[in-house]
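Report on the structure
Below are the chains, spelled out letter by letter.
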Amino acid sequence: MTTTREFQGITLERLREHVWEIPQEEPMGVPARVLASEELLEQIGDDKTLQQLKNATQLPGMQKYALCMPDGHQGYGFPVGGVGAIDAETGCISPGAVGFDINCGVRMIRTNLTYDDLKGTERELVNSLFENIPSGLGGGGIVQTDVDTVDEVLERGLDWAVEEGYATREDMLHCEDEGRRPDAVADYVSEKAKNRGRNQLGSLGSGNHFLEVQRVTDIYQADVADAFGLQPDQIVVLIHCGSRGLGHQVCSDYVRRIEQKHGDFLKSLPDKDLAAAPAKSQLAAEYYGAMGAAINFAWVNRQLITHQTRRVFERVFDRDWQDMEMELLYDVAHNIAKKEPHDVDGDTRELYVHRKGATRAFPAGREEVPRAYRDVGQPVIIPGSMGAGSYVLRGGAESMNETFGSTAHGAGRTMSRTQAKKDYRGETVQNDLEERNQIYVKAQSGATIAEEAPGVYKDVDEVVRVSEELGIGDAVARTFPVCNIKG
DNA sequence: ATGTCC
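Let us look at the structure shown here. (Residues numbered from 1 in each chain as written. Chains lettered and ligands numbered in written order. Predicted model: local features only at pLDDT ≥ 70, side-chain atom pairs only at ≥ 80, totals over all residues. Heavy atoms only, no water.)

1. Brief notes about the packing of helix α5 (residues 147–156) against helix α12 (residues 282–317)
The interhelical angle for the contact between α5 and α12, taken along N-to-C directions, is 100 degrees, at an axis separation of 6 Å. As summarised for this structure, α5 and α12 are arranged roughly perpendicular, according to the angle between their axes. Along its contact with α5, which presents Val153, Leu154, Glu155 and Arg156, the element α12 presents Ala293, Ala294, Asn296, Phe297 and Val300. Looking at the contact of α5 with α12 residue by residue, the classes come out as six nonpolar, one polar and two charged. (Axes fitted to C-alpha atoms, helices over the stretch in contact; angles between N-to-C directions. Helix = DSSP H or I, 4+ residues; strand = E, 2+ residues; numbered from the N terminus. Parallel < 35°, antiparallel > 145°, perpendicular 65-115°, else oblique. Contact = heavy atoms within 4.5 Å. Nonpolar A, V, L, I, M, F, W, Y, C, P; charged D, E, K, R; others polar.)

And the structure:
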């Protein structure tokens, strides 16, 4: 007997534990799959996620199935938590399936401090981080510069940061793609986008972006944690942000240009917000180059914040950052498309793997994984809410077969920002976190704290449990917040 | 996510 579930007229068949399929029927190009427990599926079925996922199967060249990760929710055209692997020769590339915040991502910095070393300094630390790391809407970055320098950043990514003394070679090696997209083309980024980025290099932004000091509370796999340099009670720093106004402008520019140039093609798609450029078109090449440039910008952004975090820790603890061993564990992108070779029906094909609110999760043995982690798998960082803490996973053995080497990227929202502001008051959330959980939060705006209240997020434990049980990403360590700054 | 409209 087949178990089925229906949401808003869309029927899903349960293939096995945590795997739900929307079978292919006209006009779908391939089936769609949702990877979720029953509990998470209820939430995913609540908004437009499933319809968007069905729509996504109509993108030409989509391989095997359109995927929704356990933390999925509705997005612009294509679901957040969506993975779409599309033939790079005969298919298309879709800015809507990458997202507005190109290379939004997360990095974790280790320290050799323990929670005891930090206790008593939380207030000073959170204030100093807040004062020294720009956050909130609009301009004001750690580096304010000109368009020529932005061009360098766009073309060279962390190579630029190393040359300028903001990064070490080790930092570079511990980023996805080693912090540099070689196929980035600055010329394909508009002057307007570059001007928006000029004074935003080294800034957190707003919304769900944050910097969090955390302590490691649980280790689930001692040998992998050892390879990642993680141990109980250790202090780590998590940075979550993206490419700010520059990436947003790149996405807007190309959505508009694609609508203008490929209008007829778009009319064949069920939702114009899926806007995609045919694989061999000039616009596809330009978007891929511009997206790569915005990806480089985001890596430099997170690196400058890392640099400044090291400076703040040096002042607060009166030690060098090298002495505190503040090394980058890893930096993952969760809003990108990338040409990757994947096995499809026995053939290896070059695919544009779109991960929009999804994280690459390559298993042990892959050459893309940094040498230090190659025997255990790629580190995957999954932040939860500011009251819940986060997880470090390692890419699971099944990820290449099941998800084109991907897993979830976070807890995922359960309610809109508007609803959150009705249900929560920033000051109350902030005081509760400090009094009940010794979590020190500082934000530019009380509204942001209300919008990001722990209660508006899904259960990150449940998201990670599903990832682990599917074998696409396995829990290595869990952290709990100590200090959090946001926009 | 985002100078929440060029």
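2. Notes on the side chain of Ser399
Position of Ser399 among the secondary structure elements: in helix α13 (residues 399–403). Excluding its chain neighbours within four sequence positions, the residues that come into contact with Ser399 are Ala361, Phe362, Pro363, Phe404, Gly405, Ser406, Gly471 and Ile472.

3. Quick look at the pairing of strand β2 (residues 10–16)
Residues in a regular strand point their side chains to alternate faces of the sheet. Direction of pairing for strand β1 (residues 4–7) relative to β2: antiparallel, over a ladder of four bridges. Bridged to Thr4 within β2 is Glu13. The loop that links β1 with its antiparallel partner β2 comprises two residues; one of these, Gln8, has a positive phi angle of about 50 degrees. Turn length for the β2-strand β3 (residues 19–22) hairpin, with the two strands adjacent in sequence and antiparallel, is two residues, and the turn residue His18 shows positive phi of about 75 degrees. (Pairing = 2+ DSSP bridges.)

4. Digging into the nonpolar core
By size, the foremost hydrophobic cluster in this structure holds 142 residues, and its most contacted members are Val34 and Leu125. Broken down by element, the residue count for this core peaks at 18 residues, all from α12. What Val34 contacts, discounting residues up to four positions off in sequence, is Leu12, His18, Val19, Trp20, Leu41, Ile44, Leu50, Leu53 and Cys68. Within the second largest apolar cluster, 22 residues are counted, among which are Val216, Val224, Val369 and Met400. (Core = buried A, V, L, I, M, F, W, Y, C linked by side-chain atoms within 4.5 Å. Buried < 20%, exposed > 50% of the residue type's maximum accessible area, 1.4 Å probe, protein only.)

5. Examining the packing of aromatic side chains
Aromatic ring pairs are described here by two measures, namely the spacing of the ring centres and the angle between the planes. Taken as a whole, this structure holds nine aromatic pairs when the rule is applied. With 5.5 Å between their ring centres and 35 degrees between their planes, Phe313 and Phe317 make a pair best called tilted. Of the two residues, Phe313 and Phe317 both sit in helix α12, four residues apart, roughly one turn of that helix. Exposure class is identical for Phe313 and Phe317. Each is buried. Here the aromatic cluster, defined as three or more aromatic residues joined through ring pairs, consists of Phe228, Tyr330 and Tyr373. Here the basic side chain of Arg310 rests over the ring of Trp321, its NZ or CZ set 3.8 Å away from the ring centre. The ring of Phe362 has Arg360 lying over it, and the distance from NZ or CZ to the ring centre is 4.6 Å. (Phe/Tyr/Trp six-rings, centres within 6.5 Å; stacked < 30°, edge-to-face > 60°. Lys NZ or Arg CZ within 6 Å of the ring centre and 35° of its normal.)

6. Structural notes on the protein's contact with DNA strand B
Close contacts around DNA strand B come from 15 residues, with Arg196, Ser206, Gly207, Asn208 and Arg417 the closest. Sugar and phosphate atoms constitute 56% of the interface atoms of DNA strand B, taking the interface as everything within 4 Å of the protein. A distance of 2.9 Å separates a phosphate oxygen of DNA strand B from a polar atom in the side chain of Arg244. Between DNA strand B and Arg417 there is a distance of 2.4 Å, counted from a phosphate oxygen to a side-chain nitrogen or oxygen. Mapped by element, the contributors of at least two residues to the surface near DNA strand B are α8 (191–197) and α10 (244–261). Of all the elements, α10 adds the most residues to the surface near DNA strand B, at three residues. Grouping the constituent residues of the surface near DNA strand B by class yields two nonpolar, nine polar and four charged. (Near = heavy atom within 4 Å. Polar contact = N/O pair within 3.5 Å; in protein donor to acceptor, adjacent residues only side chain to side chain.)

7. Let's talk about the pairing of strand β20 (residues 473–486)
Among the 14 residues in β20, 14 count as buried, and that is most of the element. In the sheet, strand β9 (residues 210–219) pairs with β20 via nine bridges, with the strands oriented antiparallel. Each residue of the ladder has a partner; that of Gln214, found in β20, is Pro481. Relative to β20, strand β17 (residues 390–395) runs antiparallel, the two being bridged by five bridges. Of the residues in β20, the one forming a bridge with Arg394 is Asp474. Bridge count between strand β19 (residues 440–443) and β20: four bridges; the pairing is parallel. Following the sheet pairing, Val441 is matched in β20 by Asn484.

8. Section: the state of the cysteines
Counted according to the given criterion, the structure contains zero disulfides. Free cysteine: Cys251, not disulfide-bonded; nearest cysteine sulfur from Cys104 at 13 Å. The class for Cys251 is buried, based on a relative accessible area of 0%. Free of any disulfide, Cys483 has its nearest cysteine sulfur in Cys241, 18 Å distant. Looking at Cys483, the relative accessible area reads 1%, which means it is buried. (Disulfide = S-S within 2.5 Å.)

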